[in-house]
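Read off the chains here:
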Protein chains: 2
Amino acid sequence: VHLTAADARVRFAASRVAHLATADAAGVPHIVPVTFAVGAAGPADPAGTVYFGVDHKPKRSTDLRRLRNIAANPRVALMADHYADDWSALWWSRGDGLARILGGGGERDTAVALLREKYPQYTRQPPLGPVVAIDVHTWSGWAYTG
Amino acid sequence: VHLTAADARVRFAASRVAHLATADAAGVPHIVPVTFAVGAAGPADPAGTVYFGVDHKPKRSTDLRRLRNIAANPRVALMADHYADDWSALWWSRGDGLARILGGGGERDTAVALLREKYPQYTRQPPLGPVVAIDVHTWSGWAYTG
């Protein structure tokens, strides 16, 4: 059954990990797992904003392909889902949106606070690299059983 | 630590679910979870081919966006990964390749046999829709600890 946008958003926000798909200017897709937090949706922001950080561990430059892609093409897709060999337990939730790489300032501070609240690891060592905000315009989802 | 291509491929092949990223001709990315099987790599096909089917359940036409995207732009990315709140257990494996939608014939039969061998669900009811082959040209991966 198809999920309502509200149900898809709630399932997504409660997940511990998501997958981010980006594409470069030539349309070559890329995919990475991300830890993330969802900002509270409100009347002015009914769909909500998803935040993820680039952590502090040394990375090869190729690991920042997600950031190069976003700079070239902000359209992204996010997915959280549950897999089980009992396929009647399957569900997925997808957010389609536009990504922004945050500089310093208030929104980055808010995002880091949300990430620290969700993941104790970020309390010990907050993400020191760029933080990305994804303004989701469409939530969709599916579950084998409703 | 970065994984060797061989290690990334082995971890991917042993996974029960992967995520597929595609993009349309305008570069808008899409992401879906897929059950899949990996064809045996050989001297003529060192990286291997990943197969997934479109199952028999009724779908809205929008659920076939993965196929429309592949027809418009065969460049795709696949990822299998492990998430745990103990981040020292994290790993991911990514295959970048080109997708082909199979018609009938020998390769489709081989793909369905591989899928049935991996997933008992497909023995009871094999995928009746299109089967997609992804010829992976690059395997890469990362694990927190080697």
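These lines cover the structure that appears in this document, whether it is placed above or below. Keep in mind the model is a prediction, meaning the values are calculated, not measured.

**What about the nonpolar core?**
- Core analysis: the biggest nonpolar cluster contains 77 residues, and A:Phe12, A:Val50, A:Ile134, B:Phe12, B:Val50 and B:Ile134 have the highest contact counts within it.
- If sequence neighbours within four positions are ignored, A:Phe12 has contacts with A:Ala18, A:Phe36, A:Val38, A:Val50, A:Leu78, A:Met79, A:Ala80, A:Ser93 and A:Trp139.

**A look at the pattern of salt bridges**
- Evaluation of the coordinates by the stated rule reveals 10 salt bridges over all chains.
- The salt bridge partner of A:Asp85 is B:Arg16, with a shortest N-O separation of 3.1 Å. One end of the pair, A:Asp85, is in the loop between β5 (75-82) and β6 (91-102); the other, B:Arg16, is in the loop between α1 (5-14) and β1 (18-23), on a second chain.
- Owing to a relative accessible area of 41%, A:Asp85 belongs among the partly exposed residues under this scheme.
- The closest approach of N and O atoms between B:Glu107 and B:Arg100, which form a salt bridge, is 3.0 Å.
- On the accessibility criterion, B:Glu107 (30% relative accessible area) is partly exposed.
- A relative accessible area of 32% means that B:Arg100 is categorised as partly exposed.

**Here we look at the packing of aromatic side chains**
- Scanning all chains against the criterion turns up 12 aromatic pairs over all chains.
- Summarising the aromatic geometry, the rings of B:Tyr119 and B:Tyr122 are spaced 5.9 Å apart at their centres and angled 90° between planes, so their arrangement reads as edge-to-face. Of the two residues, B:Tyr119 and B:Tyr122, both sit in the buried class.
- Here the aromatic cluster, defined as three or more aromatic residues joined through ring pairs, consists of A:Phe12, A:Phe36 and A:Trp139.
- The ring centre of A:Trp91 lies 5.3 Å from the NZ or CZ of A:Arg11, which sits over that ring.

**Quick notes on the interface of chain B and chain A**
- Taken together, the 37 residues of chain B in the interface contact 37 residues of chain A.
- Buried area between chain B and chain A, summed over both chains or domains, comes out near 3300 Å², and the portion from carbon and sulfur atoms is 66%.
- Contact with chain A buries area across many residues of chain B, yet B:Pro29, B:Ile31 and B:Trp87 alone supply 20% of it, more than any other trio.
- In this structure, the connection of chain B to chain A is made through 2 salt bridges.
- Inspection of the chain B/chain A interface yields 10 residue pairs in polar contact (both at pLDDT 80 or more).
- Contributing elements (two or more residues each) for the side of chain B that touches chain A: β1, β2 (29-34), β5 (75-82), β6 (91-102) and α4 (120-124) of chain B.

**Remarks on the relation of the copies chain B and chain A**
- For the match of chain B to chain A, the screw axis carries a shift of 0.0 Å, the RMSD comes to 0.0 Å, and the turn is 180°. Classification of the inter-copy transformation places it as that of a two-fold axis. Considering only C-alpha atoms, the residue of chain B closest to the rotation axis is B:Gly27, which sits at 2.1 Å.
- Both copies contact each other with a shared surface, as 100% of the interface residues of chain B are interface residues in chain A too.

**Here we look at the sheet that holds β5(A)**
Residues and elements named next belong to chain A.
- The strand order β2-β1-β5-β6-β7-β4-β3 describes an open sheet built from 7 strands, whose pairing is antiparallel. Every other strand in the sheet has two partners, leaving β2 (29-34) and β3 (37-38) as the edge strands with one partner each.
- Here β3 runs beside strand β4 (residues 49-53); their pairing, made up of 2 bridges, is antiparallel. Each residue of the ladder has a partner; that of Val38, found in β4, is Val50.

**Looking at the sheet that holds strand β4 (residues 49-53) of chain B**
Residues and elements named next belong to chain B.
- Taken together, 7 strands build an open sheet; the order of strands is β2-β1-β5-β6-β7-β4-β3 and the sheet is antiparallel. Of all the strands in the sheet, just β2 and β3 (37-38) have a single pairing partner and so form its edges.
- Pairing of β5 with β6, which is carried by 8 bridges, proceeds in the antiparallel orientation. Paired with His82 across the strands is Trp91, a residue of β6.

**Some remarks on the pairing of strand β7 (residues 131-143) of chain B**
All names here are of chain B.
- The buried fraction of β7 is high, at 10 of 13 residues.
- Of the strand pairs in this sheet, β4 and β7 are connected by 5 bridges, and their pairing is antiparallel. Within β7, the residue paired with Tyr51 across the bridge is Ala133.
- Pairing analysis gives 12 bridges linking β6 to β7, with the strands arranged antiparallel. Counted as the bridge partner of Gly97 is Val136 from β7.

The rules behind these values
- Residues numbered from 1 in each chain as written.
- Chains lettered and ligands numbered in written order.
- Predicted model: local features only at pLDDT ≥ 70, side-chain atom pairs only at ≥ 80, totals over all residues.
- Heavy atoms only, no water.
- Core = buried A, V, L, I, M, F, W, Y, C linked by side-chain atoms within 4.5 Å.
- Buried < 20%, exposed > 50% of the residue type's maximum accessible area, 1.4 Å probe, protein only.
- Contact = heavy atoms within 4.5 Å.
- Salt bridge = Lys/Arg side-chain N within 4 Å of Asp/Glu carboxyl O.
- Helix = DSSP H or I, 4+ residues; strand = E, 2+ residues; numbered from the N terminus.
- Phe/Tyr/Trp six-rings, centres within 6.5 Å; stacked < 30°, edge-to-face > 60°.
- Lys NZ or Arg CZ within 6 Å of the ring centre and 35° of its normal.
- Buried area = accessible area lost by both parts, 1.4 Å probe.
- Polar contact = N/O pair within 3.5 Å; in protein donor to acceptor, adjacent residues only side chain to side chain.
- Least-squares fit on C-alpha atoms with pLDDT ≥ 70 in both.
- Pairing = 2+ DSSP bridges.

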